[in-house]
Amino acid sequence: MALMIAILLTSLAIILLFSITKIKENNALPEVLLCWTVSGLLTGVLWVASVGHFYYAWQLPQGKIQQDVTISGRVLSGGCVSEEANTSDTTYKYVVAIESVNGTSTSTFLDNEILPPFFKRVLTRTFNYKARLTHKHYEFANSRNTQGSVNNNTVYSEQETLGVQPQSGSASKVKLSCLHTGDRFTALVKLKPAYGKANPVGANRQQQLVSQFIHATGYIKSIEHNKTKHNHSVRYGLATTLQQLGLIHEKWWRALLLGDKTSFTLDDWTLLQRTGTGHIFSISGMHLSLIAGVCLLMSNPIIFLSTHFTNLFSNAKLWIVGSRPIGYLKIPKKRREPRVGKKVKVTAPIRATVLCTLIVACCCYALLSGSALPVVRAFILVAMGCVLSLSRNAWRPVNIGLTMVSLSLILFPLSMLSASFYLSVGAVVCIWFLIGVWQLQRAPWYVSIFKLQIALTLIMMPLTLVWFGSASIIAIFANLIALPVITLLLPICLVSLLLTHFVKLAFVQQVSGMLLHFSDACLGYLLSLLNVLSEFSISALNFYLSSSAALCLVGAFLVFLLPIWRYKSLCTMLLLVPLLATIQKWLPVNESMWALHVLDAGQASAIAVTKGNRAIVIDSGAQFNGVAHTATNHLLPLLESQHISNIDVVIHTHSDNDHAGGAATIKQHPLAAQATFYSPTAGCERGKLLRWQNLTIHFLWPLKGNDQDNNAMSCVVKIASDSGSVLIPGDIEKASEYALITKEISESYAPLKVPTLNSSAAFSLETSLNVSKLAADILIAPHHGSKTSSTNVFIEHVAPKAVIFTQGFENRWQFPAPVVAQRYQRFEITQYLTSYHGYIKATFEKDAFYIESQRKTLHKRWYLPGIAPRHLNNEGYMLQTNACDETKILANTFK
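Residues numbered from 1 in each chain as written. Predicted model: local features only at pLDDT ≥ 70, side-chain atom pairs only at ≥ 80, totals over all residues. Heavy atoms only, no water.

Visitor: Sorry if this is basic, but what is going on with the sheet that holds strand E24 (residues 802–805) here?
Guide: Each strand in a sheet pairs with its neighbour through backbone hydrogen bonds, running either in the same direction (parallel) or in the opposite one (antiparallel). On the basis of which strands lie adjacent, the open sheet formed by 7 strands has the order E19-E20-E21-E22-E23-E24-E25 and mixed pairing. The open sheet is flanked by strand E19 (689–692) and strand E25 (830–833), the only strands paired with a single partner. Each strand axis lies, on average, 20 degrees off the axis of its neighbour in the sheet, ignoring direction. Pairing between strand E20 (residues 695–701) and strand E21 (residues 716–721): 5 bridges, direction antiparallel. Within the sheet, the bridge partner assigned to His698 lies in E21 and is Lys718. (Pairing = 2+ DSSP bridges. Helix = DSSP H or I, 4+ residues; strand = E, 2+ residues; numbered from the N terminus. Axes fitted to C-alpha atoms, helices over the stretch in contact; angles between N-to-C directions.)

The following block contains the structure:
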């Protein structure tokens, strides 16, 4: 940090000196603009870096991680907006500002060495120590039935999987409820640092948490309701009113009018994704601009009446009628004093009134929608436009856009790590660009909307591919239909809901209710049409696109839309060159290289082996609530990004959820249409060999005729070539390891006579062990590194150069066990942990292989640091933590 400040100050001094010198030479404009641009960039970099450093210096203490702690805090967002009785499985995700933990202020969590006490107090009061907590419905206990119980002040969570049950069996539960945004509460929770999986493809949860300045995650075990102060805001009251109307599509109206999408199901999100209409049902800058436009439109009658009223008085001539002196008419006309009529000018601050009202209306709508970040950014833009109009200053759109982006980054510096920042800012910039290039203000409104919709869909498609891995093909048609409908219904329904809630007159209630039900019927027709469009097989495009290729593609679109100039075609073609990587599957591949991919699947296992354009899948991760997240969001997209055309072999070491949870997902995927599936009871048996892409697949366990599918009978697979080998033993433990080694030794000595104790016999024994089928260069640790596996004799027989533990961050079993890590350390074996290193890739070529990891080499970012397990870090066990983190090892030919 000190080095960055020194560089910044030095750069600013040089820039200011340079600009002052140029000003004296009267040739300053371009140079000064360049100087201020560079200084602004350096200041922005320092600001973001400082905030990032402050974020990582304010972390949860080690002693409070994964421990039951009592917190006091306030719900910032995510609170329920009505008392609807959802199912018992409804889960809320609150963003909470934690004020104290076990009675200790969270300001003490900040490292005392980075800031003086004064700045520490200022920062900790300015910023909130935020946590994301999950919570299911809790129930209030009836105080009359719990008198004398020690737990009559506690509200227990309905999370049965956590094993949290009321200590008093006499408690009578009478009401389902949830926390609301703004509530202050005290609760018993479990916390851990904000962390996530690190894979090359798919959403990055840790990056998302950092972008929202969230320091910790966890879940609520119980809430002390007598210390909970509910804050039933206007938003809550509107949601309750909306619920009482009995609308068929209530959850969609709650999303449109109040920004509450907690009731959306997976099918709903899939519908929005496939039709490209998610931005319509997520309140953003588009909705705020619509409300601003409606406010301006409604102000026209007021402006008209005010103007005519003031003009009426302005044009009135009031003659000053005074007493005339006697003989006034006898005075000659030349000597008479003229009586001049004076015009009374009556003006009203119409401009200021309308613009101030507009700002207030947009601010209220932003608060009503939950103050989502895209809405706040749009509000900043609207407020800037109103201030410029009031001050009668005319700025160019580029100046307004840069100021808006600068203010957004100053207020929310880490938001630049989120997708919404690039999508919202990119959309505004594209609209301004297209209006300027195509002169859309001169075209009919329907032509402008049609051109804007097509251009925006094409330009924003690369960004959606980068962030979400998919884009909607029919979004152009769906948005052309949905946008006008929502534009018409949104203001009508918002005004009707406000009237229904605040005006209790019978006539108003009847009219507003009728409008809402009519709008609900129209929305139903729209949703039916979107469902029909989403059923088309070509409605969505699932495609991996790197950020650099996406940036070049957007640039190619923008250059193509520019007026014709000399090198336009050449520039467009050059910007499309990075897209050639997408057709790599039709180009020749390196047949001598193959790779092992170990995904960061949490406390689960998901592995793939690729060579050329073909792949083998070994385990597919877990599934929760019927969704195989690892297989759907990471494993299969990774194979597609590697331009794999076929999955030939799928091996599930056993049927536990953490290994075979994605089996059905893989079986249904087109890549695995011709795949052969193996499991401990189906094809996986000792002695079977497969030749695949010049690699040898050895099945080493279980024995032939096995009918059990459990940890002890996990399928043990070894994949080998001249460049190296990998052993994947599943979840076998000590007994299976001994049985496997015994079987290996017995088969090795079966054709030999019993040796005598001489030198030749010792040499024979050593040779036999060296050519063991268990020997491998890379070992996937058995049973995730549990203390009941990875025995000394097993490690000696495998003799790996590197071991990879597939385990989750802060898992409750504390895998890998310290004793196991100590064993591998004693054998000087390099250790990799998926929770610490993220996705791990081992590439085999010629007579060597090298290992890379997501967090250390492939995608090393300051905001995605690895956190070593506490139970290993405290004991001082050595992990592969080198900054380069690339291990290159020569392979032994016998492996």
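Visitor: Could you clarify how one ought to interpret the pairing of E25 in this entry?
Guide: Successive residues of a regular strand alternate their side chains across the two faces of the sheet. On E25, burial covers both faces: Thr830 and Tyr832 on one face and Gln831 and Leu833 on the other are all buried. Examined bridge by bridge, E24 and E25 share 4 bridges and lie parallel to one another. Counterpart to Ile804 in the pairing with E25 is Tyr832. With helix H24 (residues 818–826) bridging E24 and the parallel E25, this β-α-β connection has right-handed handedness. (Buried < 20%, exposed > 50% of the residue type's maximum accessible area, 1.4 Å probe, protein only. Right-handed = clockwise from strand over helix to strand, strands pointing away.)

Visitor: Sorry if this is basic, but what is going on with the pattern of salt bridges here?
Guide: This structure, assessed with the given rule, holds 10 salt bridges. Note that Glu224 is salt-bridged to Lys227, the shortest N-O span being 3.3 Å. For Glu224, a relative accessible area of 24% gives the class partly exposed. Lys227 gets classed as partly exposed once you look at its relative accessible area, which sits at 47%. A salt bridge links Lys801 to Asp777, with the nearest nitrogen and oxygen atoms 3.2 Å apart. (Salt bridge = Lys/Arg side-chain N within 4 Å of Asp/Glu carboxyl O.)

Visitor: Just to check I follow, could you spell out helix H7 (residues 266–275) for this structure?
Guide: Note that an α-helix has 3.6 residues per turn; residues three or four places apart therefore point the same way. Residues Asp268, Leu271, Leu272 and Thr275 constitute the buried set of H7. Buried residues of H7 fall within an arc of 95 degrees about the axis and therefore sit on the same side. Gly276 lies just past H7 and shows a positive phi near 65 degrees. (Arc of directions from axis to C-beta.)

Visitor: Where do I start with the pairing of strand E8 (residues 184–193) in this structure?
Guide: Pairing between strand E1 (residues 68–77) and E8: 7 bridges, direction antiparallel. Across the sheet, residue Gly73 finds its bridge partner in E8, namely Phe185. Judged from the 7 bridges that link them, E8 and strand E9 (residues 214–223) form a sheet pairing that is antiparallel. If you follow Leu191 over to E9, its bridge partner there is Gly218.

Visitor: Just checking my understanding: could you explain the state of the cysteines for this structure?
Guide: What is meant by a disulfide is a covalent connection between two cysteines, made through their sulfur atoms. Per the counting criterion, the structure on display carries 1 disulfide. Covalent S-S linkage joins Cys684 and Cys715, the inter-sulfur distance amounting to 1.7 Å. Its S-S torsion of about 85 degrees marks the bond between Cys684 and Cys715 as right-handed, since a negative value means left-handed. With a gap of 31 residues between them, Cys684 in the loop between strand E18 (676–678) and E19 and Cys715 in the loop between E20 and E21 connect regions that are remote in the sequence. The pair Cys684 / Cys715 is uniform in exposure class, with both members buried. Left unpaired, Cys362 is separated from the closest cysteine sulfur, that of Cys295, by 5.9 Å. (Disulfide = S-S within 2.5 Å.)

Visitor: Help me out: how do you make sense of the packing of helix H5 (residues 234–244) against helix H14 (residues 475–502) in this one?
Guide: The relative placement of two packed helices is expressed as an angle between their axes plus a distance between the axes. Where H5 contacts H14, the two axes come as close as 10 Å, and the packing angle between them is 95 degrees. The angle between H5 and H14 places the two elements in the roughly perpendicular class. When H5 is examined against H14, the residues Val234, Gly237, Leu238, Thr241 and Leu242 are found in contact with a partner set consisting of Leu497, Leu498, Thr500, His501 and Phe502. (Parallel < 35°, antiparallel > 145°, perpendicular 65-115°, else oblique. Contact = heavy atoms within 4.5 Å.)

Visitor: Which parts of the structure should I look at to understand the confidence of the model for the protein?
Guide: Low pLDDT marks stretches whose predicted atomic positions should not be read closely. Of all residues in the protein, 79% attain a pLDDT of 70 or more, and the chain-wide mean is 79. Contacts from residues 140–176, a stretch scored under 50 in pLDDT, to residues over four places away or in other chains number 73 contacts. (pLDDT = per-residue confidence, 0-100.)

Visitor: Would you take a moment to explain the nonpolar core for this structure?
Guide: Here is a general trend for soluble globular proteins: nonpolar side chains tend to be buried in one another's company. Among the nonpolar cores identified, the biggest contains 47 residues, and Trp252, Trp253, Leu257, Phe281 and Leu523 are the most heavily contacted of them. If you list the elements that add at least two residues to this core, you get H5, helix H6 (250–258), H7, helix H8 (285–314), helix H9 (350–368), helix H10 (373–390), H14 and helix H15 (506–534). Per-element accounting of this core gives the leading share, 9 residues, to H14. Setting aside its immediate chain neighbours within four residues, Phe281 contacts Trp252, Ala255, Leu256, Lys261, Leu272, Leu523, Leu527 and Leu530. The next biggest cluster of nonpolar side chains, apart from the first, holds 40 residues, and it includes Ala57, Leu60, Ile65 and Ile223. (Core = buried A, V, L, I, M, F, W, Y, C linked by side-chain atoms within 4.5 Å.)

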